[in-house]
Amino acid sequence: MHARAALFDLYGDHLRPRGGRASVAALVRLMKPLEIAAPAVRTAVSRMVRQGWLEPVRLPQGAGYGLTSKCVRRLDDAASRIYREGTPSWQGRWHLIVLEPVKDRPRRERVKAVLAFLGYAPLSEATWVGPRSSPEVDHLLASEGLRADRFDAALEGDPRELVARAWDLAAVGEAYERWLAEAATLVGALPGGAPDDRVFATRSRLVHGWRNFLFRDPGLPPELLPPGWPGERARAYFEQEAARLLPSAAAFVDRELP
C-alpha cells in the first residue's frame, strides 16, 4: 500500500466518523502497522494538501490535517458504494453526459479518471453513460471549468448489449475472483487473539483491496449482471470480515488518537 492510498483509506474508514482530523504524530502512529514510514506519511499528506483533499488545522496536540469539503464528498460517496448505504434501485434509465471537447491531455485524463470512478463508461471520446447520475459530476465540471449536456435517457434496445459494449465485465469478474482468493489468504493468516494493531493492518489491506473496485466496477444493477456474478460472493465475504475485524481495528485507532 502506498502512503497516499493508505491515508485515504484511514480518513474514509476511521477518521471521517471521528471528526475527520488528526495530528501529524497520530497519522504517523496509525501508519506504522502498515510499514509506512514517517517521511512517506508527511510527503503523502503534503501531496494531498496540494490536491485539495486535506487542509492544515491546529489541534491541541499540535499541527494536524482535516478533510476538505471536496474530500468529504468523495469519501462519503465511496463509503456508500463500499458498504451499500442507500444505493437506489434502478429505474431502467441511463444518465448520459456529453462533454465539450477537452484539448489539454492532463485535464482530459483527470476527467476520464473521475467519471470512471463515478461509474460512467465512454461511448465515445465525449459521451459517457452510467446507470445513475452522481452528484459529484457537478463538482467535477465546476472544478475543471467544463460544460456538459446531461440527459436522463431511456435506451431503445437491449441494455445488456449496451453493458457489454461499454464495460468489460469479464475482466471485472476475474478480478473479483482473484481478490476473493487473496482476501481469504490475508484474513486466514491472522491468528486468533491477534493484537489490535495487527488486526488493524489486516483490515486496512482488506478494505484497500476492496476499495480498488470503485475504479473498476460501475455498480450496475443486478438485473444487468451475468448469472452467478462473482462480485456478490466477494461482497458477502468482504462485508462479513470487515465487520468482524472492525472492533479490534477501531480500538487501535482510538488508542492512537489523542
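- Under an unreviewed UniProt entry, the protein has the name Phenylacetic acid degradation operon negative regulatory protein and belongs to Nonomuraea roseoviolacea subsp. carminata.

**Side note on the packing of helix 9 (residues 196-211) against helix 10 (residues 230-256)**
Okay, so step 1: Contact pair helix 9 / helix 10: the axes reach a minimum separation of 8 Å and the direction vectors enclose 145 degrees. As helix 9 packs across helix 10, the resulting crossing turns out to be left-handed.
Okay, so step 2: Split into classes, the residues belonging to the contact of helix 9 with helix 10 amount to 14 nonpolar, three polar and six charged.

**Concerning the UniProt feature "domain: Transcriptional repressor PaaX-like C-terminal" (unreviewed entry) in the protein**
Okay, so step 1: The feature "domain: Transcriptional repressor PaaX-like C-terminal" (unreviewed entry), as annotated in UniProt, sits at residues 167-254 in this numbering.
Okay, so step 2: Along residues 167-254, the helical share is 69% and the strand share 0%, with 41 Å between the first and last C-alpha atoms.

**Some remarks on helix 9**
Okay, so step 1: End to end, helix 9 covers 22 Å across 16 residues, agreeing with the expected 22 Å (1.5 Å per residue, within 8%).
Okay, so step 2: Most of helix 9 sits out of view: 12 of its 16 residues are buried.
Okay, so step 3: Taken together, the buried positions of helix 9 are Val199, Phe200, Ala201, Thr202, Arg203, Ser204, Leu206, Val207, His208, Gly209, Trp210 and Arg211.
Okay, so step 4: In the core, the buried residues of helix 9 are packed alongside helix 1 (3-15), helix 2 (24-31), helix 4 (69-82), helix 8 (169-188) and helix 10.

**Comments concerning the nonpolar core**
Okay, so step 1: Core analysis: the biggest nonpolar cluster contains 46 residues, and Trp94, Trp167 and Trp179 have the highest contact counts within it.
Okay, so step 2: If we skip the residues at most four places from it in the chain, tryptophan 167 touches Trp94, Gly119, Tyr120, Ala121, Val129, Gly130, Pro131, Pro218 and Leu220.
Okay, so step 3: Counting residues in each nonpolar core, the second largest holds 31 residues, with Phe8, Leu34, Val41 and Tyr65 among its members.

**Examining the UniProt feature "domain: Transcriptional repressor PaaX-like N-terminal" (unreviewed entry) in the protein**
Okay, so step 1: Mapped onto this numbering, the UniProt entry gives "domain: Transcriptional repressor PaaX-like N-terminal" (unreviewed entry) at residues 3-70.
Okay, so step 2: With 53% helix and 22% strand, the stretch residues 3-70 has end C-alpha atoms that lie 20 Å from each other.

**A closer look at the environment of leucine 225**
Okay, so step 1: Secondary-structure assignment places leucine 225 in the loop between helix 9 and helix 10.
Okay, so step 2: In this structure leucine 225 comes out as buried when scored by relative accessible area, which is 17%.
Okay, so step 3: Setting aside residues up to four positions removed in sequence, leucine 225 forms contacts with Leu169 and Leu220.

**Details of the sheet that holds strand 5 (residues 121-122)**
To summarise the sheet geometry, strands pair through backbone hydrogen bonds and adopt either a parallel or an antiparallel arrangement.
Okay, so step 1: Read across the sheet, four strands follow the order 5-6-4-7 without closing on themselves; strand pairing throughout is antiparallel. Edge strands, defined here as strands with exactly one partner in the open sheet, are strand 5 and strand 7 (148-153).
Okay, so step 2: One ladder, built from four bridges, connects strand 4 (residues 94-99) with strand 6 (residues 127-130); its direction is antiparallel. Bridge pairing links histidine 95 to glycine 130 in strand 6.

**Overview of unusual backbone geometry**
Okay, so step 1: Even without a glycine there, the phi angle at glutamate 35 is positive, about 60 degrees.
Okay, so step 2: Judged by relative accessible area, glutamate 35 falls into the exposed class, the value being 72%.

**Observations concerning the side chain of arginine 74**
Okay, so step 1: Topologically, arginine 74 is positioned in helix 4.
Okay, so step 2: Judged by relative accessible area, which is 15%, arginine 74 ranks as buried.
Okay, so step 3: Among the polar contacts made by the side chain of arginine 74, one reaches the side chain of glutamate 136 at a distance of 3.2 Å.
Okay, so step 4: Arginine 74 has contacts with Trp53, Val114, Phe117 and Glu136, leaving out every residue within four places of it along the chain.

**Quick look at the pattern of salt bridges**
Okay, so step 1: Per the stated rule, a full pass over the model turns up 18 salt bridges.
Okay, so step 2: With a closest N to O distance of 3.5 Å, arginine 147 and aspartate 149 form a salt bridge.
Okay, so step 3: Residue arginine 147 is classed as partly exposed on the basis of its relative accessible area, which comes to 48%.
Okay, so step 4: With relative accessibility at 36%, the residue aspartate 149 sits in the partly exposed group.
Okay, so step 5: Glutamate 241 is the partner of arginine 244 in a salt bridge, and the nearest nitrogen-oxygen pair spans 2.7 Å. With arginine 244 and glutamate 241 both in helix 10, this residue pair falls three residues apart, about one helical turn.
Okay, so step 6: Classification of glutamate 241 by relative accessible area gives buried; the value is 5%.
Okay, so step 7: It is possible to trace a salt-bridge network through shared partners that takes in Arg107, Arg110 and Glu144.

Quick notes on the rules
Residues numbered from 1 in each chain as written. Predicted model: local features only at pLDDT ≥ 70, side-chain atom pairs only at ≥ 80, totals over all residues. Heavy atoms only, no water. Axes fitted to C-alpha atoms, helices over the stretch in contact; angles between N-to-C directions. Helix = DSSP H or I, 4+ residues; strand = E, 2+ residues; numbered from the N terminus. Left-handed = near helix turned anticlockwise from the far one by under 90°. Nonpolar A, V, L, I, M, F, W, Y, C, P; charged D, E, K, R; others polar. UniProt positions renumbered as here; feature names shortened; annotations may be inferred. Expected span 1.5 Å × (residues − 1). Buried < 20%, exposed > 50% of the residue type's maximum accessible area, 1.4 Å probe, protein only. Contact = heavy atoms within 4.5 Å. Core = buried A, V, L, I, M, F, W, Y, C linked by side-chain atoms within 4.5 Å. Pairing = 2+ DSSP bridges. Polar contact = N/O pair within 3.5 Å; in protein donor to acceptor, adjacent residues only side chain to side chain. Salt bridge = Lys/Arg side-chain N within 4 Å of Asp/Glu carboxyl O.

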